[in-house]
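The residues making up each chain are set out below.
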Amino acid sequence: MSKFSTLIFISGLSFLLIVITAQLPIAHPPMLIGQYIIDHAVQDTGVTNIVTSVVLAYRGLDTLGELAILFTAASGVGLLLSNKLNTKLQPSTKTVRLSNSNFIIEHALNLLFPLLLVVGFYVIFHGHLTPGGGFQGGVIIASAFFLNILAKPYKSSDSEIESTHNNLTIIESLSGVTFIAIGLYALISGHDFLEPFLSHGQLGSLWSAGTLPFLYIAVGLKVGAELSSLLITLYDIDSEELTD
Amino acid sequence: MTHFANYLTTYLTTEIILYTGAIGLLVIGLLGLLVLKNIFRLLLSLVIFESGANLFLVLSGFRANGIAPILTSTQENMSQLVMNDPVPQALVLTAIVIGVGIQALALSLIIKIYQRYRTLDMNEIHRKLEQDIAGISQSTPLASQEQPLYLYQKNSLVQNNEGEK
Amino acid sequence: MKMLSLLVVLPLIGAFLIPAIARISVSIAKFIGPLILLYLLSITMPAFMELQSGQSSAIHFAGFLPPYGIAFYIDELSLLFANIILIAFLMVWPWNKNNFSDNHSEIREYSLYLLLLAASSGLVLSSDLFNLYVFYELLAVASYGLIAKQPKIEGIASAASFRYLLLSASGSVLLLLGIALIYSLTGTLNIAHLSSVANESLNTFAGVAAFLLILIGIGVKAEMFPVNSWVPEVYGVISRPLSALFAGLISKIAVLFIAKVLLMVYQQDSILTMILFIGVLGVLTGELIAYRARDMVRMLSFSSIAQLGLVFTALAIPGKTGLYIAVAFMLHHLVVKSALFFLSEKMHSNHEHLKGLYHQSPFIVILFIFLILSLLGIPPFPGFWIKLNLVLNLSTITYGNVAIAIVLLATVIEAAYLFTLVKKMLANDESNKQIAYQTGYQSSYLFAVLLAIILLVSTFNISSLSKSIENMANNTN
């Protein structure tokens, strides 16, 4: 009975959504701020990918908030699942449950790993020129490291995981601080927080768009480190703990 | 037949299909949140719900015959280009990353819940949670309590003993 | 003025740095948070004092003028709340935490507090709809982590946190959908800019639907009527100082978000009537469930739902008057409810075990009675004047008389259960003496006394205080 009423509720809701959508100016948006940004972004910030100018300049504070959310989530996951690391006294459990991966997987990994890193960094460095940027590149880099864990599970001993955690913590801290420091430098030198400085350079070249590429590198490193540490922490849970 | 094809191309435009998809995702996600009981499936429904909202958001910048807001060397006359609104694209990028963070945190919460309650059924977890909270308030306030956790589980301990008998 | 953007930026940089510094020295990392709080207080306090009445300014980000860039809007009200946030965080800062395990992940709890601080400040100051959404999510994610991280009862706390997460995250999706609708209709996100185009574009069915979505979305945090099932569960598992923070401060910040959108963009009769009904239902359900509650935390949490219902009822009064009463209610509830949560750490949670508390510790009971008298609205305490103002103004609007009747009825119910509890505390019961009084943290007790003193002082300065709040509300735009 309750499922039936849910169904009625849902069909009513979808009808409402359709009615609302029908009222929207579909395909002809008002673009009160969008048109201004399209017209001015190139001379304001010196990018060719206009979305980048919105992400890092016009709405840079949103991006900072978003980095903070990712950091918060990683902190929360670390905080919640850290108990296992404290109590881990028997290092033997790790080797028992993991089987060796085979020759093909390992060599495919050796081929893919550097490729993924190169693609990731390329996407980050060209964020202000072509589609892509810090978030996308960061995710690609994180996937490279996670592929590494998936293919060679037996090689990651506790001390290795501990040192990986150490390195990731330092990368995520420093990249976040770099992003804010670039913004603070503008604030201290009398501009607004996160205001782009440095010259715009030649439009379309790699060294252009002032500080925006540096911000995107910080974003990319932060996203990569954050996602890697999330995945490693989630991976690191003993599967024995979850089974009776 | 050609009449039907004409009809389709006039009324079934890209944006209509995409908006239908967005509404569909929203409805499927909400239905899952209301009907399902397994907490992992609830999380997946939330993800679907969220992607519906994201699709809706990015569609708000869609223009008929618009192109991606990126300059390329082949474009000649800047002022005659019809570009899609770049703002929703930036917003949706932010929203997607926020969603990823929430999902990761929710996953680790599910792991914690499973370690404590040994079940993924929402009704059962809710029932046991209410019992546990009542147990906490029967004892001392949280900040000063020093007893180990099993004191709260009196009910479950009793049940175990009975099972042994 | 530009330095006020540090209110968001400094906590973030502190939160990012803490885990890295903890690898070098835990004791340095522990001091980062309090130092940042004190430094920010030294910026906001003078800024608040210097801000002339009626003066306001905007902080731009990245050098772009609004509506193209993001802007923080600074007026008396937002600066007042910025100060309150800093003081509240100084109170609930986990000072007592001393033992850290060797892997340093525990130190991240300080990061979460700082992130919560940044999100709260951002929510109070920002005037851009999507930026508000981002800070709202930051607030939400940080609170999921803090709720789940309760020593010794992590499993239970995780379950409460997850149930909260499902509700709150669905609310966030609705909020995002509402923002998407508004952007589709108007093509702008700046609230001031929206208010100038609202009459043409948002006066439609879709525009009202967008507001409803936003209202339900933020209502989760604001403990609004239909979406507050998380309240007793979460307050039942978290520590009392954290409850004081959530019930006292975080819910008010969410209400401020709603008030911003309501006042600036949606001053339509139908919406105001809807808010009135939601508020009145919240008052009634909250008080009724609190009446049946048999333990302290549950009672306080449902009473806080009812009080926030009163805030929504006040927002239903059109224009600046509604804002004035709502702000007065918020400030009053912030002081009283935080004090009650701090004080409850010294008491046994179960009502039956509270018998004879007066003979154990008379001062606590006197403090408790003083706080609930103001909460109920008994003259001459501040609560009375606010409720009087609400009732007088409600009589002028549609359905106002129904609302007055329900508010008064709810007050009677509230009085019934609170006085029953007081009677139990005053009873002479030898058997309970040992457990009624608890040795909680002394700092919580101190903060409860401090907040009670603030309430007492404001009782004597009620006329000048109400005048300044009214001015503040009038000057907000």
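Residues numbered from 1 in each chain as written. Chains lettered and ligands numbered in written order. Predicted model: local features only at pLDDT ≥ 70, side-chain atom pairs only at ≥ 80, totals over all residues. Heavy atoms only, no water.

1. Regarding the overall build of chain B
A count of helices and strands for chain B gives six helices and zero strands. Listed by position from the N terminus, the elements making up chain B come as α-α-α-α-α-α. Taken across its 165 residues, chain B has 42% of its residues classed as buried. Long-range pairs, those at least 24 residues apart, make up 49% of the contacts in chain B with a sequence separation of at least 6. Working note: accessible area of chain B is about 8,400 Å², and carbon and sulfur atoms make up 60% of it. (Helix = DSSP H or I, 4+ residues; strand = E, 2+ residues; numbered from the N terminus. Buried < 20%, exposed > 50% of the residue type's maximum accessible area, 1.4 Å probe, protein only. Contact = heavy atoms within 4.5 Å. Areas by Shrake-Rupley, 256 points an atom, 1.4 Å probe, with all protein chains shown as cover.)

2. Some thoughts on the interface of chain B and chain A
At the interface, 43 residues of chain B touch 51 residues of chain A. Here chain B packs against chain A, burying approximately 4,100 Å² in sum over the two surfaces, 80% of which is carbon and sulfur. At the junction of chain B and chain A, the tally comes to zero salt bridges. The tally of links from chain B across to chain A stands at six residue pairs in polar contact (both at pLDDT 80 or more). For the side of chain B that touches chain A, the elements supplying multiple residues, two or more each, are α2 (14-35) and α4 (86-117) of chain B. The class makeup of the residues in the side of chain B that touches chain A is 30 nonpolar, eight polar and five charged. (Buried area = accessible area lost by both parts, 1.4 Å probe. Salt bridge = Lys/Arg side-chain N within 4 Å of Asp/Glu carboxyl O. Polar contact = N/O pair within 3.5 Å; in protein donor to acceptor, adjacent residues only side chain to side chain. Nonpolar A, V, L, I, M, F, W, Y, C, P; charged D, E, K, R; others polar.)

3. Some remarks on unusual backbone geometry
Look at the link from Pro66 of chain C to Pro67 of chain C: it is a cis peptide, with omega at 5°. The residue Pro67 of chain C is located in the loop between β1 (57-60) and β2 (71-74) in this model. For the peptide bond that leads from Pro379 of chain C to Pro380 of chain C, omega is 10°, which places it in the cis range. Residue placement: Pro380 of chain C occurs in the loop between α15 (362-376) and α16 (382-394). Phi at Met31 of chain A takes a positive value of approximately 50°, unusual for a residue other than glycine. The exposure class of Met31 of chain A is buried, given its relative accessible area of 5%. The phi angle at Tyr399 of chain C is positive, at roughly 60°, despite the residue not being glycine. Topologically, Tyr399 of chain C is positioned in the loop between α16 and α17 (400-426).

4. Description of a nonpolar patch on the surface
Residues and elements named next belong to chain A. Together, Phe121, Phe125, Ile171, Leu198, Leu206, Trp207, Phe214 and Leu221 line one region of the surface with nonpolar side chains, adding up to about 770 Å² of accessible area. Among the secondary structure elements, those contributing two or more residues to the nonpolar patch are α7 (103-125) and α10 (212-235). Among the structural elements, Leu198 can be located in the loop between α9 (158-188) and α10. (Patch = residues over 30% accessible without salt bridge, like charges linked within 9 Å, V, L, I, M, F, W, Y side chains within 5 Å.)

5. Considering α4 of chain B
Owing to its 3.6 residues per turn, the α-helix brings residues three or four apart onto one side. Residue and element names in this part refer to chain B. An ideal rise of 1.5 Å per residue puts 46 Å on 32 residues; α4 measures up with 47 Å between its terminal C-alpha atoms. Judged by how many residues are buried, α4 sits mostly within the fold: 25 of 32 residues are covered. The N-terminus of α4 is capped by Asp85, whose side-chain oxygen sits 3.1 Å from the backbone nitrogen of Val87. The first or second residue beyond α4 is Arg118, which carries a positive phi of 60°. (Expected span 1.5 Å × (residues − 1).)

6. Some remarks on the environment of Ala316 of chain C
Residue and element names in this part refer to chain C. Mapped onto the secondary structure, Ala316 falls in the loop between α12 (296-315) and α13 (319-344). We classify Ala316 as buried; its relative accessible area is 3%. Expressed as a C-alpha distance, the spacing of Ala316 and Met274, which sit 42 residues apart in the sequence, is 8.1 Å. Setting aside its immediate chain neighbours within four residues, Ala316 contacts Leu272, Ile275, Leu276 and Ile397.

7. Brief notes about the nonpolar core
Among the nonpolar cores identified, the biggest contains 303 residues, and Phe193 of chain A, Phe56 of chain B together with Tyr235 and Phe368 of chain C are the most heavily contacted of them. The dominant element in this core, judged by the number of residues it contributes, is helix α6 (residues 154-186) of chain C, at 20 residues. When residues no more than four places from it in sequence are discounted, the contact partners of Phe193 of chain A are Leu61, Leu64, Ile180, Gly183, Leu184 and Leu187 of chain A together with Ser5, Val9, Phe61 and Ala62 of chain C. Residues Ile149, Ile161, Ala225 and Ile232 of chain A belong to the second largest nonpolar core, which totals six residues. (Core = buried A, V, L, I, M, F, W, Y, C linked by side-chain atoms within 4.5 Å.)

8. A closer look at the interface of chain C and chain A
On the chain A side, the residues contacting the 59 residues of chain C number 55 residues. Of the roughly 5,000 Å² buried between chain C and chain A, counting both surfaces, carbon and sulfur atoms make up 71%. Sorting the residues of chain C by area buried against chain A places Phe16, Tyr68 and Arg108 of chain C first, and these three jointly supply 16% of that buried surface. Counting across the chain C and chain A interface gives two salt bridges. Notably, a salt bridge pairs Glu172 of chain A with Arg108 of chain C, separated by 2.9 Å at the nearest N-O pair. Seen at the junction of chain C and chain A, the total is 12 residue pairs in polar contact (both at pLDDT 80 or more). Per-element accounting of the side of chain C that touches chain A gives the leading share, 10 residues, to helix α1 (residues 6-24) of chain C.

9. Overview of the packing of aromatic side chains
Counted under the stated rule, the structure contains 22 aromatic pairs over all chains. Consider the rings of Phe193 of chain A and Phe61 of chain C, whose centres lie 6.1 Å apart with planes at 90°: the pair is edge-to-face. A residue pair is termed interchain when its members come from two chains, as with Phe193 of chain A in the loop between α9 and α10 and Phe61 of chain C in the loop between β1 and β2. Residue Phe61 of chain C is classed as buried on the basis of its relative accessible area of 2%. (Phe/Tyr/Trp six-rings, centres within 6.5 Å; stacked < 30°, edge-to-face > 60°.)

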